[in-house]
Amino acid sequence: MENAIVRVGRALRVVLLIALALLFLIPFYLLVRNGLASEQDITSPDWTFFPSELRWSNIRELFDDTTVPMARALLNSTVIAVLTTLGTLLLASLAGYGLARIPYRWANQVFYAILGTMMVPAAVTFVPTFVLVSSLGWVSTLRGLIVPTLFSAFACFIFRQYFLGFPRELEDAARVDGLGPWRTYWRVVVPNSRPVFAAVGTIVFIGAWNSFLWPLVIGQDRDAWTVQVALSSFTTSQVIRLHELFMAAAVSIVPLLVVFLFFQRWIVAGVERSGIDD
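Residues numbered from 1 in each chain as written. Predicted model: local features only at pLDDT ≥ 70, side-chain atom pairs only at ≥ 80, totals over all residues. Heavy atoms only, no water.

Enquirer: Please clarify how helix H10 (residues 181-189) should be interpreted in this entry.
Expert: Taken residue by residue, H10 has Thr184, Tyr185, Val188 and Val189 as its buried positions. Summarising the axial view, the buried residues of H10 lie within an arc of 110 degrees, below the 170-degree limit, and thus occupy one face. Tucked inside the fold, the buried residues of H10 contact helix H4 (70-101), helix H8 (153-164), helix H9 (168-176) and helix H11 (194-210). (Buried < 20%, exposed > 50% of the residue type's maximum accessible area, 1.4 Å probe, protein only. Helix = DSSP H or I, 4+ residues; strand = E, 2+ residues; numbered from the N terminus. Arc of directions from axis to C-beta. Contact = heavy atoms within 4.5 Å.)

Right under this line is the structure:
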C-alpha cells in the first residue's frame, strides 16, 4: 500500500512538472509561431496551432529591413552586456572582498551606505546621470551606455556575503607562499568562487541585455541602438509590423537562453553559498 502511494505521488509530481513546463514554453511557442507567420495569420480570428505557411523568409526580411538596424542592435547589446557584466564582476567582487576581508574601522558603515543606495529610486538619479553623461559628450556612445551601469550595490552585497564565509585557510596558505592581497584574490579567491561569479554574472548579463530606458535615452543615433530599442521601433503610431516584431523578439532571446542554459547549474549554487540568509 505504501509503495502504491509513493508511485502515485511520483506520478502526480511528474504530471505537475510537465504541466508547468508546457505553461513555461507557451510564450516561446508564440514567439516562434508568430515570427514565422504572415500578418494575416497573426491577426486572423481563426487560430491555428501552426500558420498556414511557415515563412522562413521573415528572418531574412528582418535583417534586410533598412529602417531598423537589427544586426547592429544585436552587436551593440552583446558588447554592452558582456562589458557591463565583466566590469560589474570586477568592481563588485573587489568591493565585496575588501569589505569582507580588509580590516577597516568604518567597513560596516561603508557597507550600510552601499546598501542604502539600493533604496534610492532609479528615477531620482536618472536625470543627474543623464546630465553628467551629456556633459562628458558620451551620448550615443558605448561609454555612455556602459560606464554609468558598471557598479551594482546588489552584486557587491552578494559578493560580500559570500566572501565572509570563504575559507580563511586558503588565504593564509597563499600568504605563507608569499602572495600579496591582489595575487591572493586573483589566484586563490577568484578560482574558488566560480559559482557566485557565474550566478551574479548571469543576473547582470540578463539585466544589461533587457535594459530599455537608459539605452533609449542615451542611444539617440541609430548606430547606438540596442535590441530593446530596436524592438520598440517595430510598433509606431504609423505602422505595426507584427511578424518582424515577433521574429526580432525570438532572435533577441537566443543569447539569453544560451547564457542561462550554460550557467543554470551555477545560479542556485552561487546564491546558496553567498550566505544571503545570514
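Enquirer: Hey, could you run me through the layout of surface pockets in this one?
Expert: Picture a little ball the size of a water molecule; that probe, rolled over the atoms, points out where space is still empty. As a volume, the largest pocket reaches approximately 1,100 Å³. Elements with a contribution of two residues or more to the lining of the largest pocket: H4, helix H6 (122-135), H8, H11 and helix H12 (213-218). Its residues placed into classes, the lining of the largest pocket shows 20 nonpolar, 10 polar and no charged. (1 Å grid on protein atoms, 1.4 Å probe; cavity = no way out; pocket = protein on both sides within 12 Å on 5 of 7 lines; lining within 4 Å. Points joined across faces, edges and corners; volume = space filled by probe spheres on them. Nonpolar A, V, L, I, M, F, W, Y, C, P; charged D, E, K, R; others polar.)

Enquirer: Even after reading the chapter, I still don't get the side chain of Asp41, so can you show me in this structure?
Expert: As for its placement among the helices and strands, Asp41 is situated in helix H2 (residues 39-43). We note that Asp41 is buried and unpaired, the nearest opposite charge coming from Arg33 at a distance of 5.8 Å. Within the local environment of Asp41, its side chain forms a polar contact with the side chain of Ser52, the two groups lying 3.2 Å apart. Those residues in contact with Asp41, other than ones at most four positions away along the chain, are Arg33, Pro51, Ser52 and Glu53. (Lys, Arg positive; Asp, Glu negative; His and termini not counted. Salt bridge = Lys/Arg side-chain N within 4 Å of Asp/Glu carboxyl O. Polar contact = N/O pair within 3.5 Å; in protein donor to acceptor, adjacent residues only side chain to side chain.)

Enquirer: What's the story with the side chain of Thr141 in this structure? I'm lost.
Expert: Within the secondary structure, Thr141 sits in the loop between H6 and helix H7 (142-146). A relative accessible area of 18% means that Thr141 is categorised as buried. Only 3.2 Å separates the side chain of Thr141 from the backbone nitrogen of Gly144, close enough to count as a polar contact.

Enquirer: What is the right way to read the nonpolar core from this model?
Expert: Note on soluble globular proteins: their nonpolar side chains tend to be buried together. Grouped together as the largest cluster of nonpolar side chains are 23 residues, with contacts concentrated most on Phe159, Phe163, Tyr185, Val189, Val196, Phe197 and Val200. Only H4, helix H5 (107-117), H8, H10 and H11 provide two or more residues apiece to this core. Of the residues forming this core, the biggest block, 8 residues, is contributed by H8. With residues near it in sequence (within four places) discarded, Phe163 still touches Ser93, Gly96, Tyr97, Ala100, Arg101, Val189, Ser193 and Phe197. Residues Phe205, Ala230, Ala249 and Val259 belong to the second largest nonpolar core, which totals 22 residues. (Core = buried A, V, L, I, M, F, W, Y, C linked by side-chain atoms within 4.5 Å.)

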